[in-house]
Number of protein chains: 4
Amino acid sequence: MSTDLLTDEPLTIGSHTLRSRLIVGTGKYASYELMGESLHRSGADCITVAVRRERLIDAAGNNLLDFIDASRYTLLPNTAGCFSADDAVRVARLGREILLGLENAGADWVKLEVLADKKTLLPDPVASIEATERLVADGFQVLCYSSDDPITARRLKEAGASSVMPAGSPIGSGQGILNPNNIRICLEYLKDGDPDYPVIVDAGVGTASDVTIAMELGVDGVLLNTGIAHAQDPLRMADAMRYATAAGRLAYLSGRIPKRLYATASSPEEGTITRQPR
Amino acid sequence: MSTDLLTDEPLTIGSHTLRSRLIVGTGKYASYELMGESLHRSGADCITVAVRRERLIDAAGNNLLDFIDASRYTLLPNTAGCFSADDAVRVARLGREILLGLENAGADWVKLEVLADKKTLLPDPVASIEATERLVADGFQVLCYSSDDPITARRLKEAGASSVMPAGSPIGSGQGILNPNNIRICLEYLKDGDPDYPVIVDAGVGTASDVTIAMELGVDGVLLNTGIAHAQDPLRMADAMRYATAAGRLAYLSGRIPKRLYATASSPEEGTITRQPR
Amino acid sequence: MSTDLLTDEPLTIGSHTLRSRLIVGTGKYASYELMGESLHRSGADCITVAVRRERLIDAAGNNLLDFIDASRYTLLPNTAGCFSADDAVRVARLGREILLGLENAGADWVKLEVLADKKTLLPDPVASIEATERLVADGFQVLCYSSDDPITARRLKEAGASSVMPAGSPIGSGQGILNPNNIRICLEYLKDGDPDYPVIVDAGVGTASDVTIAMELGVDGVLLNTGIAHAQDPLRMADAMRYATAAGRLAYLSGRIPKRLYATASSPEEGTITRQPR
Amino acid sequence: MSTDLLTDEPLTIGSHTLRSRLIVGTGKYASYELMGESLHRSGADCITVAVRRERLIDAAGNNLLDFIDASRYTLLPNTAGCFSADDAVRVARLGREILLGLENAGADWVKLEVLADKKTLLPDPVASIEATERLVADGFQVLCYSSDDPITARRLKEAGASSVMPAGSPIGSGQGILNPNNIRICLEYLKDGDPDYPVIVDAGVGTASDVTIAMELGVDGVLLNTGIAHAQDPLRMADAMRYATAAGRLAYLSGRIPKRLYATASSPEEGTITRQPR
């Protein structure tokens, strides 16, 4: 983007190293062409792809993967649409096979989603823990989608997840970070004695400021899809999300001023629980 | 920054045209060198400078203006530290003389601040209206700092202000936009039948997301100082603010997704009063 | 209500002393009968009445005042619907005559509203200050509706207002207290060296919690109308508002626990700017 | 409290019927005398008591239960301080024995807390589900403390809980309802086809407005302890909480006005997802 970001460390998740802290999905675009250009503008070098067949092949018989330059992006297969641990494990393995066939570096990891309910698409904590354990045992690096409950997040790390990905708000809801307090406690737990453990906000991002706020809390990255794909102008929103990620990351690293009732107040109002950069 | 922003219009205020929608101040830096580099990184092409003598000359006798490349930046003289209309008018005229001496394009405009109270630095609505009228009569293009009260904002426009600059929160408080509802009504009033009238959020910005949120509301620009100057790392925060401005502007132009309780909800939760881009 | 509230002081505004800290309006009810019962349930002993003739007499020719027991309530005439200082002064004087005719104790005070715009019903700060000065000179005790701008609020007190009544949000908007920070600064200014000066939140209250939150900030009372009159069940909402006023007042006097990220955190998160009871 | 509340239904949880929708705890008071008077003022007819021995007997050897009129209150034994399902089940059974000995009606139910972490006191979702199943199988009516994750809440109901009690925020944090969105989805899930299923917000309440806001969301009751016990004036705060519960319940039943940008706006701003009373 510009030289100033070179001073930031890249984002390391398991054995993968990413230049961009924004990971984007491929669903819900009006066309594969629009998707491709939006991915490009987002600045992401990691793209998550739903493995279930009905999501890889569109009505016209086009294969999504034909529209993504696999030499440029690390693919992150995901188990979107899975509602049980069994189903998620099966789909994760299918994704591994497909990516091995493509010789893509993403064959060894998976974004695990085990959902509990078709209406809200909220994650199932118990099945997510079980599926994480099974996939880790099978050699996967697991990035696990989760609610923002800090205890569930900690359990997922204990189950072997390479990254825990708490939701800001329900998938596609566009509400941003509804409970920054929970994200702060997730960060305390997951980075306790392990400051480089990657925590990524996944789901609920509606607009650029949601990304910036997430990054300012000290998370390591943001994953989003609908916020770009369903914006009225996805290309411009992809640009916005790229800038928003950089803005939030840099603001976090910069150490913001405290909040005060007014400037000359003798003591800061709040913000004392802001995580400071290392 | 990158080609994508070339598709946006520049920001026009009176007879001035700015590439960047971020305007930054020069106060409170640890050194003039740090100030100079921070201004550069912010991407701003308009810099606001307090005209009062004690703010132009530092303890070592250095003149602030010697550290700003006047060929590169449009200077926007401001009346910071003035607590009456008389004082503000006098200082504005002094600024004009200084900038005429520098042959800087900023000689014909002024950022008007008439403050009511040294403790909170809140603006005085009555004196601000009076000073605006007098300075406009004297040929100035006036950009007037204001509270976020929409009626006062409208009065300032009626008094001839080239731009009204409502505060997000008190100067230096770092609280961001405390009342987005008021900013929305300010925009309704000030842009009614006059969509290009420039509205700039001035004051209260603490971190990058505050800028992004302001721009997403549909304001035309943001002016800030302390948020960069007093950050632990002003250079990185200047970068953050530059990106945050671009992110918020582009998100506003992109038309964000609606907020919903969850994705499959049949009707959007809120956000129906979001100003849409023209 | 119950004995516990007897330990609280009554609310004193100028020469008037009120048992209840909730003041309610009489507008917008489906019928005068419903209004009368709602007033009763609200627990208020002060009722504000719009003086303009079209608001006193309904379509059937009934006079509002015939439905209010003037021996039970102190009437507070208001200048709702006035859009200039002249108009407001004229209406205030008319109200005085009417109440003198009724021999009601409310003849010597007025709730002053000088509005700036029919669309938003926001108050006009300049005209409000002028009208306050004129009415005070004419012997009125003036309770002045205002924006939440602390400087305007202070000016109104300086102009002689017996009480300043900042809006929580626009009249009828139901948004509650949009900017608690401004209410806190209003309290700092208006009670500086004068802790008994009455500050009353007027306008914007939508539901019970809005009242409780206002009282917890340390204001002396709340004035509302639409929140009860346009609720689906005004009688129950009148009860709710009565309880909400007591709850907020007592909570303010009780000294709440600090906010913390979690219970065993060593330091409170925020709330340090909460006004503590005297 | 007053006749108006007689029109509300009592709160039914399993086989128990409560007049008050506020349930209070007995911990953290400066003295048992202060506790007793605070319980009285809160208006609660159900009191929750920690069963662990070190919490029943104070340093002077006094037994908490000697200070509670068991003929007046239904006792709700709780498993506070338990960090595993085994421990919680054991403590629940101990509580049953103690209450059977007292011939108190509360012997057949338990407030189940299975905590995951001493620092944050957040609940353990997996162990809570397991303990619920075991206690239900053992004949208990289980009221289960939970995070606000709607999926975990639904699982607890499926495990047989008589009531699910989502946290507003961490125990003792005083932050109120951090994520109303989650509480709304909890209500959708738990009351789907079962509108009388009791949902009670437990934990995080700091002041009166937190209770009012919780009740306005449509929950059936609120359980709290620290907010009263650690207030500077617990007696007054107990009064405040009693009123706040009534205010929120009545406001919920009343059907509040919609929120609008300003009164004459043509469409409501938000609030469209507010649960309406049946």
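Residues numbered from 1 in each chain as written. Chains lettered and ligands numbered in written order. Predicted model: local features only at pLDDT ≥ 70, side-chain atom pairs only at ≥ 80, totals over all residues. Heavy atoms only, no water.

K.L.:
Is there a simple way to explain the overall build of chain A in this structure?
P.N.:
Regarding its fold elements, chain A presents 9 helices and 10 strands. For 278 residues, the compact-globule estimate of 2.2 N^0.38 gives 19 Å, and chain A sits close to it at 18 Å. By principal-axis analysis of the C-alpha atoms, chain A measures approximately 65 × 40 × 35 Å. Across the 278 residues in chain A, those meeting the buried criterion constitute 64%. Contacts in chain A between residues at least 24 apart in sequence constitute 67% of all its contacts with a sequence separation of at least 6. Working note: accessible area of chain A is about 9,400 Å², and carbon and sulfur atoms make up 49% of it. For chain A, the distance from the average site of its 28 positive side-chain charges to the average site of its 36 negative ones is 2 Å. (Helix = DSSP H or I, 4+ residues; strand = E, 2+ residues; numbered from the N terminus. Rg over C-alpha atoms; globule rule 2.2 N^0.38 Å. Buried < 20%, exposed > 50% of the residue type's maximum accessible area, 1.4 Å probe, protein only. Contact = heavy atoms within 4.5 Å. Areas by Shrake-Rupley, 256 points an atom, 1.4 Å probe, with all protein chains shown as cover. Lys, Arg positive; Asp, Glu negative; His and termini not counted. Charge placed at Lys NZ, Arg CZ, Asp CG, Glu CD.)

K.L.:
Could you clarify how one ought to interpret the interface of chain D and chain A in this entry?
P.N.:
Interface extent is often summarised as the accessible area lost during association of the parts. Taken residue by residue, the interface counts 26 residues in chain D and 26 residues in chain A. Summed over both sides, the interface between chain D and chain A buries roughly 2,000 Å², with carbon and sulfur atoms accounting for 52% of that surface. One salt bridge connects R154(D) with D117(A), and the closest N-O pair in it is separated by 3.7 Å. Only α4 (125-137), α5 (150-158) and α6 (180-190) of chain D provide two or more residues apiece to the side of chain D that touches chain A. Element by element, the count of residues in the side of chain D that touches chain A is highest for α5(D), at 5 residues. Here the side of chain D that touches chain A is composed, by residue class, of 12 nonpolar, 6 polar and 8 charged. (Buried area = accessible area lost by both parts, 1.4 Å probe. Salt bridge = Lys/Arg side-chain N within 4 Å of Asp/Glu carboxyl O. Nonpolar A, V, L, I, M, F, W, Y, C, P; charged D, E, K, R; others polar.)

K.L.:
Help me understand the relation of the copies chain B and chain A, please; the structure alone is not making it clear to me.
P.N.:
Put simply, the second copy of the chain is the first one after a rotation about an axis and a shift along it. With an axial shift of 0.0 Å and an RMSD of 0.0 Å, the rotation relating chain B to chain A amounts to 180°. The symmetry that links the two subunits is that of a two-fold axis. A share of 100% of interface residues in chain B that are also interface residues in chain A marks the association as one of identical surfaces. (Least-squares fit on C-alpha atoms with pLDDT ≥ 70 in both.)

K.L.:
Quick question: what am I supposed to make of the packing of aromatic side chains here?
P.N.:
For any pair of aromatic rings, geometry is given as the distance between the ring centres together with the angle between the planes. As enumerated under the stated definition, the model contains 6 aromatic pairs over all chains in all. When the centroid spacing of 4.8 Å and the interplanar angle of 40° are considered together, the rings of Y32(C) and F67(C) count as tilted. Of this pair, Y32(C) sits in helix α1 (residues 32-42) while F67(C) sits in the loop between α2 (53-56) and β5 (74-78); the two residues are 35 residues apart in sequence, bridging distant segments of the chain. Here Y32(C) falls in the buried class, since its relative accessible area comes to 13%. Geometry around Y145(D) places K111(D) over its ring, the cationic atom sitting 5.8 Å from the centre. (Phe/Tyr/Trp six-rings, centres within 6.5 Å; stacked < 30°, edge-to-face > 60°. Lys NZ or Arg CZ within 6 Å of the ring centre and 35° of its normal.)

K.L.:
Could you clarify how one ought to interpret the pairing of strand β5 (residues 74-78) of chain D in this entry?
P.N.:
The side chains of a regular strand alternate, residue by residue, between the two faces of the sheet. The buried fraction of β5(D) is high, at 5 of 5 residues. Covered by surrounding structure in β5(D) are T74(D), L76(D) and N78(D) together with L75(D) and P77(D), the residues of both alternating faces.

K.L.:
What is the right way to read helix α9 (residues 234-254) of chain D from this model?
P.N.:
Two residues of an α-helix separated by three or four positions point the same way, owing to the 3.6 residues in each turn. Residue and element names in this part refer to chain D. With 21 residues, α9 ought to run about 30 Å at 1.5 Å a step, and its terminal C-alpha atoms sit 30 Å apart, in line with that. Counting buried positions along α9 gives 20 out of 21 residues, so the element sits mostly inside the fold. One or two positions beyond α9, positive phi appears at G255, with a value near 75°. (Expected span 1.5 Å × (residues − 1).)

K.L.:
How do you make sense of the pairing of strand β3 (residues 22-25) of chain B when you look at a structure like this?
P.N.:
Residue and element names in this part refer to chain B. Taking every second residue as pointing to the same face, both faces of β3 are buried, with L22 and V24 on one and I23 and G25 on the other. Across 3 bridges, the pairing between β3 and strand β10 (residues 221-224) is parallel. Across the sheet, the residue bridging to L22 is V222, located in β10. Sheet topology note: the β3/strand β4 (residues 46-50) ladder contains 2 bridges and is parallel. Bridge pairing in β4 places V24 opposite I47. Once the chain exits β3 it traverses helix α1 (residues 32-42) before rejoining the sheet at β4, and the crossover so formed is right-handed. (Pairing = 2+ DSSP bridges. Right-handed = clockwise from strand over helix to strand, strands pointing away.)

K.L.:
Hey, could you run me through the interface of chain B and chain A in this one?
P.N.:
Each partner contributes to the interface: chain B provides 55 residues, whereas chain A provides 55 residues. Buried area between chain B and chain A, both sides added, is near 4,200 Å², and the carbon and sulfur share of it is 56%. Broken down residue by residue, the surface that chain B buries against chain A is led by R236(B), Y243(B) and I257(B), which jointly contribute 18%. Where chain B touches chain A, the interface holds 0 salt bridges. For the side of chain B that touches chain A, the secondary-structure elements that each account for two or more residues are α7 (208-216), α8 (226-229) and α9 (234-254) of chain B. In terms of residue count, the dominant contributor to the side of chain B that touches chain A is α9(B) (13 residues). Split into classes, the residues belonging to the side of chain B that touches chain A amount to 22 nonpolar, 19 polar and 14 charged.

K.L.:
Got a minute to help me understand the relation of the copies chain D and chain A in this structure?
P.N.:
When chain D is fitted onto chain A, the two copies agree to an RMSD of 0.0 Å after a turn of 180° and an axial shift of 0.0 Å. In this assembly, 100% of the residues forming the interface of chain D have copies in chain A that are likewise at the interface, indicating an isologous arrangement.

K.L.:
Would you mind going over the packing of α5(D) against α6(D) with me for this structure?
P.N.:
Any two packed helices are characterised by how steeply their axes cross, that is the angle between the axes, and by the distance between the axes. Residue and element names in this part refer to chain D. One can describe the packing of α5 onto α6 by two numbers: an axis separation of 9 Å at closest approach and a directional angle of 30°. One element, α5, and the other, α6, form an angle in the roughly parallel class. Regarding α5 and α6, the two cross each other, and that crossing is right-handed. Touching P150, I151, A153, R154 and K157 of α5 are N182, I185, C186, Y189 and L190, all from α6. When its residues are assigned to classes, the contact of α5 with α6 shows 7 nonpolar, 1 polar and 2 charged. (Axes fitted to C-alpha atoms, helices over the stretch in contact; angles between N-to-C directions. Parallel < 35°, antiparallel > 145°, perpendicular 65-115°, else oblique. Left-handed = near helix turned anticlockwise from the far one by under 90°.)

K.L.:
Looking at this structure, I do not really get unusual backbone geometry. What am I missing?
P.N.:
Negative phi values dominate among residues other than glycine, just as trans dominates among peptide bonds. Phi at K28(A) is positive, roughly 70°, even though this residue is not glycine. Residue placement: K28(A) occurs in the loop between β3 (22-25) and α1 (32-42). The exposure class of K28(A) is partly exposed, given its relative accessible area of 43%. Of note in the backbone geometry, E103(D) takes a positive phi value of approximately 55° without being a glycine. As for its position among the elements, E103(D) is in the loop between α3 (85-102) and β6 (109-112).

K.L.:
Got a minute to help me understand the environment of V136(D) in this structure?
P.N.:
All names here are of chain D. Turning to its location among the elements, V136 is positioned in helix α4. The sequence separation of V136 and S209 amounts to 73 residues, and the corresponding C-alpha distance is 34 Å. For V136, the contacting residues outside a window of four places in its chain are V142, A159, G160 and A161.

K.L.:
How should I be thinking about the UniProt feature "active site" (unreviewed entry) in chain A in this particular structure?
P.N.:
Residue and element names in this part refer to chain A. Following the UniProt record, one finds the feature "active site" (unreviewed entry) at K111. If you trace the backbone, K111 turns up in strand β6 (residues 109-112). Take K111: its relative accessible area is 4%, and that puts it in the buried class. In this view, K111 contacts T48, L76, P77, N78, T79, L143, Y145, M165, D202 and L223; residues no more than four positions away in its chain are not counted. (UniProt positions renumbered as here; feature names shortened; annotations may be inferred.)

K.L.:
Help me understand the pattern of salt bridges in this model?
P.N.:
One side chain can pair with another of opposite charge once the charged atoms of both are near each other. Inspection of the entire model under this criterion finds 64 salt bridges over all chains. Across the salt bridge formed by K191(D) and D220(D), the nearest N and O atoms sit 2.8 Å from each other. With K191(D) in the loop between α6 and β9 (200-202) and D220(D) in the loop between α7 (208-216) and β10 (221-224), this residue pair connects regions lying 29 residues apart in the sequence. Here the two residues K191(D) and D220(D) agree in accessibility, since each one is buried. In this structure, a network of salt bridges that share partners links the residues E37(A), R41(A), D239(A) and R242(A).

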